[in-house]
Amino acid sequence: MLIDGTISSMKYTNSPIEQITFNNKKFFIKRDDLLDKDFSGNKARKFYYFLKNDFKNITKVVSYGSVQSNAMYSLSVLCKLRKWDFDYYVDHVADYIKTNPIGNYKEALSNGMNIIEGKVPENIDTNTLFIPEGGALKEASLGIKILAQEIIKWAEQTNTKDLKVFLPSGTGTTALYLQKYLPFEVITCSCVGDEKYLEKQFSLLEKKKHPKIISLDKKYHFGKLYKEFYEIHKDLKEQTNIEFDLLYDSKGWLCVKKHLKTCKSSILYIHQGGLLGNISMIQRYKYKYDKII
Ligand SMILES: *Cc1c(COP(=O)(O)O)cnc(C)c1O
């Protein structure tokens, strides 16, 4: 436990659970978006291991992915806190993003991220920590176990016995480890690939106890704009006063609406953060559907 003693063991854990009503149905929301101003959501859980453990030799983190990724931003915060260099590889940065950086990209740059267009180098030296895209790695289990323990404690305190936990998936890492550590059913949906892709991602990390996957009839492509995603995002904000993420939560709530409407169990929805990423998404949505420039 370290970092000049400035990070207490409580920081970046223990988010509140709130009750909301959406479309006349009650839900509980685990507000991991409120963990911290800069280091929040499921990326704070997934990278907790790298915040809390000693890495004597490490001076640099290398990762890759998309230019507006939530994981990229959270890694930039981690590296700033740990005083590590951060090299982030992308295929290409479009000119309009270079000239007008916003959201995750802008903030990651201001945290000192080195953005590199091209392939991740094949040889990573022993002073460098390599983090795969989206933080899909076994070390993520530490922080997600703590998340599960918080949920178990809350369920005990509120005497909630019949509980289902829902969260939308990217790599599926968060849902998988939650199911590993929770005595309740974990339900998810796939946002970046199809259901087969998500099953495969689960299998890469663990062979058993996979979360249940629910889906919609229509195929959605990650990062594309859909009117129904924008609509449900606005409905949620209006009815609950909570802002949810547009990439994962909009699809997540459409799945909840379709499959869990008549579910008798209490439902706990995990808010996994990602709100900084909304800035660039909302700009695109406004331009496309509200004709606001
Ligand atoms: C990264 C992210 C996810 C997906 O998490 P996985 O562990 O990759 O499934 C979901 N929601 C938000 C807001 C995210 O930032």
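Reference entry: report on the structure contained in this document. In this text the structure is predicted, and so the values were computed from the model without any measurement.

For the rest of this paragraph, the subject is the overall build of the chain. Within the chain one finds eleven helices and ten strands. Radius of gyration (C-alpha) of the chain: 19 Å, near the 19 Å computed for a compact globule of 293 residues. Expressed as lengths along the three principal axes of its C-alpha atoms, the size of the chain is roughly 50 × 45 × 35 Å. Residues counted as buried form 52% of the 293 residues belonging to the chain. When contacts within the chain are restricted to residue pairs at least 6 apart in sequence, those whose partners lie at least 24 apart make up 74%. Only carbon and sulfur atoms are counted for the fraction: they give 50% of the accessible area of the chain, which is about 14500 Å².

Let's shift gears to empty space enclosed by the protein. Considering all chains together, one arrives at one cavity of 30 Å³ or more under this definition. One number sums up the size of the largest cavity: a volume of about 80 Å³. Lining of the largest cavity is provided by 13 residues; of these, His221, Phe222, Gly223, Phe229 and Leu247 occupy positions nearest its centre. A per-class count over the lining of the largest cavity returns nine nonpolar, two polar and two charged.

Once that is clear, we can look at unusual backbone geometry. Phi angles above zero are rare outside glycine, and Asn23 is one such case at about 50°. Mapping Asn23 onto the fold places it in the loop between strand 1 (17-22) and strand 2 (25-31). The exposure class of Asn23 is partly exposed, given its relative accessible area of 34%. Phi at Asn241 takes a positive value of approximately 70°, unusual for a residue other than glycine. Within the secondary structure layout, Asn241 lies in the loop between helix 9 (227-240) and helix 10 (249-259). For Asn241, a relative accessible area of 68% gives the class exposed.

Among all positions in helix 5 (residues 103-110), only Gly103, Asn104, Tyr105 and Ala108 are buried. Taken together, the buried residues of helix 5 touch helix 3 (70-82), helix 4 (95-99), strand 5 (114-117) and helix 11 (275-290). Positive phi appears at Gly112, one or two residues downstream of helix 5, with a value of about 100°.

This part takes up a negative patch on the surface. Among the surface-exposed residues, Glu231, Asp235, Glu238 and Asp290 lie close enough to one another that they form a single negatively charged patch. Relative accessible area serves as the criterion here: at 35%, Glu231 is assigned to the partly exposed category.

Taken together, the neighbourhood of the ligand is formed by 16 residues, with Lys43, Lys46, Asn70, Thr171 and Thr174 sitting nearest. One nitrogen or oxygen atom from the side chain of Lys43 is found 2.7 Å from an oxygen atom belonging to the ligand. Those elements giving two or more residues to the shell around the ligand turn out to be helix 1 (41-46) and helix 7 (173-181). In terms of residue count, helix 1 provides more of the shell around the ligand than any other element does, three residues in total. For the shell around the ligand, the residue count by class is two nonpolar, eleven polar and three charged.

What follows deals with helix 9. Helix length check: helix 9, at 14 residues, gives a terminal C-alpha distance of 20 Å against a target of 20 Å (1.5 Å per residue), a fit within 8%. Turning to helix 9, its buried residues are Phe229, Tyr230, Ile232, His233, Leu236 and Thr240. In this structure, the buried side of helix 9 is in contact with strand 1, helix 10 and helix 11. Asn241 sits one or two positions beyond helix 9 and adopts a positive phi of about 70°.

What follows covers the side chain of Ser190. You can see Ser190 is positioned in the loop between strand 8 (185-188) and helix 8 (195-205). For Ser190, a relative accessible area of 0% corresponds to the buried category. Within the structure, the side chain of Ser190 is placed 3.3 Å from the backbone oxygen of Asp194, a separation counted as a polar contact. Among residues more than four places away in sequence, those in contact with Ser190 are Ser169, Glu195, Tyr197, Leu198 and Lys251.

In this section: the nonpolar core. If you look at the biggest cluster of nonpolar residues, it comprises 53 residues, and the most contacted ones within it are Val165 and Leu178. Among the elements that take part in this core, helix 3 stands out by supplying seven residues, more than any other. Those residues within four positions of Val165 in sequence are excluded, and the remaining contacts are Leu178, Leu182, Phe184, Glu185, Val186, Ile187, Leu268 and Ile270. Ile29, Leu247, Tyr248 and Trp253 belong to the second-largest nonpolar core, a separate cluster that totals 32 residues.

Scoring rules and cut-offs
- Residues numbered from 1 in each chain as written.
- Predicted model: local features only at pLDDT ≥ 70, side-chain atom pairs only at ≥ 80, totals over all residues.
- Heavy atoms only, no water.
- Helix = DSSP H or I, 4+ residues; strand = E, 2+ residues; numbered from the N terminus.
- Rg over C-alpha atoms; globule rule 2.2 N^0.38 Å.
- Buried < 20%, exposed > 50% of the residue type's maximum accessible area, 1.4 Å probe, protein only.
- Contact = heavy atoms within 4.5 Å.
- Areas by Shrake-Rupley, 256 points an atom, 1.4 Å probe, with all protein chains shown as cover.
- 1 Å grid on protein atoms, 1.4 Å probe; cavity = no way out; pocket = protein on both sides within 12 Å on 5 of 7 lines; lining within 4 Å.
- Points joined across faces, edges and corners; volume = space filled by probe spheres on them.
- Nonpolar A, V, L, I, M, F, W, Y, C, P; charged D, E, K, R; others polar.
- Patch = residues over 30% accessible without salt bridge, like charges linked within 9 Å, V, L, I, M, F, W, Y side chains within 5 Å.
- Salt bridge = Lys/Arg side-chain N within 4 Å of Asp/Glu carboxyl O.
- Lys, Arg positive; Asp, Glu negative; His and termini not counted.
- Charge placed at Lys NZ, Arg CZ, Asp CG, Glu CD.
- Near = heavy atom within 4 Å.
- Polar contact = N/O pair within 3.5 Å; in protein donor to acceptor, adjacent residues only side chain to side chain.
- Expected span 1.5 Å × (residues − 1).
- Core = buried A, V, L, I, M, F, W, Y, C linked by side-chain atoms within 4.5 Å.

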